[in-house]
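# Structural description and commentary
Chain residues, written in single-letter form:
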Amino acid sequence: MPLFTKEEALDYHSKGRKGKVEVIPVKPCSTQKHLSMAYSPGVAQPCLAIKDDPSLSYEYTSRGNLVAVVSNGTAVLGLGNIGALAGKPVMEGKGVLFKMFADIDVYDINLATEDPDRLIDCVKLLEPTFGGINLEDIKAPECFYIEDTLKEQMNIPVFHDDQHGTAIISGAGIINALDIAGKKIEDLKVVVSGAGASACACTRFYISMGVKKENVYMFDSRGLIHAGRDNLTPQKAEFAQDKDYGTLADVMQGADMFLGLSTKGVVTQDMVRSMADKPIIFACANPDPEITYDDAKAARPDCIIGTGRSDYPNQINNVLGFPSIFRGALDTRASAINEEMKLAAAKALADLAKEPVLDSVQALYSHKMVFGTDYVIPSPFDPRVLQNVAAAVAKAAMDSGVATVNIDIDSYKKSLSDRLGEAKKRIACVVDNYGLDF
């Protein structure tokens, strides 16, 4: 059953203060002295200090806790190319998630251009304002070029969540699914339906985890990607098989894993029945997956299935990743979010799923959550996600050399719990002031 009506969703965004976010000062400005320090002449002191030492921008401005969510609205989830303006509610929503799950402030930057070079030039010029850049809902193949170029040319983290978020969360699921199934990652036969930004990034991430490239069978709208096809993009060609091995149904036979980032209904129960023992099925098409949880379980009770839906077990939800990943990157003032940090995030999530679920978290769900086939990915509402993932990412940033400050991990984990609690109290006070009841 739907959780809300169309009218309720529109009211949520329009009642009271319009939209979902506002900017609130964190320093007093109620006296002449306050005004003189906030602006002229007192503001000259931090300006001159930063001029002499640019790293002090993290001490005297909000830069160290500020992320830009940048989009041109060309690939908005479930809506397609609706443009920058129509995509703005999504980007505001992303900002809400950053704040609620990691106490990170966000400005959403919605750019009215489909020219990748113009977008790149604009984002590069934003570097003095932000501690990190989250690229969002930018269509393939331009998104690959945009992210790669910005990572090369900027000295702050640039992260395209549509690519890497799903890869990290599903990667955590794979770690635990392999443990349950008693399989080795290097032995997996992986079938991928979809060849867009997320599918390519997921596949690349799985290969970095140990999947053999020759064991990956990727399908786009034209069928299996293989060397005999023409007009393949470089990203698709990276995963091309040596020859055509047939249809999706043909290749699913004996497969250990299916990853779906395509469209609903492309996988049948017969296909699932033909897979190897204890198959892993991550059907992530939204809002309707490639095969439903119920149909997959009916066909193969031994399968480990996750979808993008919150009303079934093993939700592959990017909010498990990006807030905590950026938290760890910002707090170490990392110059990038690298492969080591992404792998650390996946492992931290996998480890958390093995821990007993907090009663406060279990109370939010109708299905029982205990480590096993129906619980290989933790809940995004588990407060330990931020502590574990941000700390793991911060440590990986330091160990891999991209951190510019070092922190004590044990004290950092405790500070994260305290920080998030205080942030939620502040948010609740602001929301209550508007007197809205949804």
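Structure first, text after, so check above.
So, here is what we can say about the structure in this document. (Residues numbered from 1 in each chain as written. Predicted model: local features only at pLDDT ≥ 70, side-chain atom pairs only at ≥ 80, totals over all residues. Heavy atoms only, no water.)

## What to know about the state of the cysteines
Counted only if it meets this: What counts as a disulfide here is a pair of cysteine sulfur atoms lying within 2.5 Å. Burial status follows relative accessibility: with a 1.4 Å probe on protein chains alone, a residue under 20% of its type maximum counts as buried, one over 50% as exposed, and anything between as partly exposed.
For the coordinates displayed, the defined rule picks out zero disulfides. Here C47 stays unpaired: no disulfide links it, and the sulfur of C29, its closest cysteine neighbor, is 16 Å away. Its relative accessible area of 46% is what places C47 among the partly exposed residues.

## Some details on the sheet that holds strand β2 (residues 105-110)
As a general point, the strands of a sheet are linked pairwise by backbone hydrogen bonds and lie either parallel or antiparallel. Under the convention used in this document: Each pair of strands is called paired provided DSSP finds at least two bridges between the two strands. Strands here mean DSSP runs of E at least two residues long; helices mean DSSP runs of H or I at least four residues long; both are numbered from the N terminus. Note on definitions: angles span 0 to 180 degrees between N-to-C directions of axes, and those axes are lines fitted to C-alpha atoms, for helices only across the stretch in contact.
Here we have four strands laid out as an open sheet, ordered β2-β1-β3-β4, and parallel in their pairing. Strands with a single pairing partner mark the edges of an open sheet, and in this sheet they are β2 and β4 (158-160). On average, adjacent strands in this sheet sit at an angle of 25° to one another, irrespective of strand direction. Bridge count for strand β3 (residues 132-135) against β4 is three bridges, and the pairing is parallel. Within β4, the residue paired with N134 across the bridge is F159.

## Concerning the nonpolar core
Quick note on the threshold: To qualify as a nonpolar core, a set must consist of buried Ala, Val, Leu, Ile, Met, Phe, Trp, Tyr and Cys residues joined through side-chain atoms within 4.5 Å. The criterion used for residue contact is that any of the two residues' heavy atoms lie within 4.5 Å.
I133, I168, Y206 and M341 are the most contacted members of the largest nonpolar core, which totals 96 residues. Of the residues forming this core, the biggest block, 11 residues, is contributed by helix α17 (residues 384-400). When sequence neighbours within four positions are dropped, the list of residues in contact with Y206 reads A167, S170, G171, I174, I185, V211, M257 and L259. Core analysis: the second largest hydrophobic core is formed by 21 residues, V191, Y293, A296 and A299 among them.

## Some details on unusual backbone geometry
Here the residue pair S40 and P41 is connected by a cis peptide bond, since its omega of 5° sits within 30 degrees of zero. Along the chain, P41 falls in the loop between α2 (32-38) and α3 (44-52). The amide bond that connects N286 to the next residue, P287, takes the cis arrangement and shows omega of 0°. Within the secondary structure, P287 is located in the loop between β9 (280-283) and α13 (293-299). With a phi angle near 55°, D137 is a residue other than glycine that sits in the positive phi range. By the secondary structure assignment, D137 is in the loop between β3 and α7 (142-153). Relative accessible area serves as the criterion here: at 3%, D137 is assigned to the buried category. The backbone phi angle of K278 is positive, close to 45°, even though this residue is not glycine. Inspection of the secondary structure puts K278 in the loop between α12 (269-273) and β9.

## Thoughts on the pattern of salt bridges
Applicable threshold: Salt bridges are defined by distance alone: a side-chain nitrogen of Lys or Arg within 4 Å of a carboxyl oxygen of Asp or Glu.
Counted under the stated rule, the structure contains 27 salt bridges. For K99, the salt bridge goes to D105, with nearest N and O atoms at 2.8 Å. Among the ionic contacts, a cluster of salt bridges with common partners joins K99, D103, D105, R419 and R426.

## Quick look at the sheet that holds β9
The strand order across the open sheet formed by six strands is β7-β6-β5-β8-β9-β10, and the pairing between neighbours is mixed. Edge positions in the sheet fall to β7 (223-224) and β10 (304-307), since each has one partner strand and no second. Bridging between strand β8 (residues 257-260) and β9 involves four bridges; their strand directions are parallel. Note on β9: the bridge partner recorded for M257 is I280. Contacting β8, β9 and β10, helix α8 (residues 161-181) crosses the sheet at an angle of about 160° to β9. Packed onto the sheet, helix α9 (residues 197-209) meets β5 (190-193), β6 (216-220) and β8 and runs at close to 180° relative to β6.

## A look at the pairing of β2
Condition: By convention, a crossover is right-handed whenever its connection, traced from the first strand over the helix to the second and viewed with the strands pointing away, goes clockwise.
In the sheet, strand β1 (residues 66-71) pairs with β2 via six bridges, with the strands oriented parallel. Considered in β2, the bridge of V69 is made with D108. A crossover connection joins β1 to the parallel β2 through helix α5 (residues 83-102); in handedness this β-α-β unit is right-handed.

## So, the packing of aromatic side chains
Convention followed: A pair of Phe, Tyr and Trp rings is counted when the ring centres sit within 6.5 Å of each other, with Trp represented by its six-membered ring. The angle between the planes then sorts it: under 30 degrees is stacked, over 60 is edge-to-face, the rest tilted. Consider the ring centre and the ring normal. A charge sits over the ring if Lys NZ or Arg CZ is within 6 Å of that centre and within 35 degrees of that normal.
Summed over the entire model, instances satisfying the criterion amount to seven aromatic pairs. Centroid distance F101 to F381: 6.2 Å. Interplanar angle 50°. Geometry classified as tilted. In this pair, F101 is assigned in helix α5 and F381 in the loop between α16 (359-362) and α17, connecting sequence segments 280 residues apart. With a relative accessible area of 49%, F381 lands in the partly exposed category. Site record: aromatic cluster; members linked through ring pairs are F98, F159, F322 and F326. The ring of F322 carries the charged tip of K94 above its face, separated from the ring centre by 3.8 Å. If you follow K189 out to its NZ or CZ, it ends over the ring of Y217, 5.3 Å from the centre.

## Considerations on the side chain of S57
Counting through the fold element by element, S57 comes out in helix α4 (residues 57-60). Leave out the neighbours within four places in its chain, and S57 touches I50 and R63.

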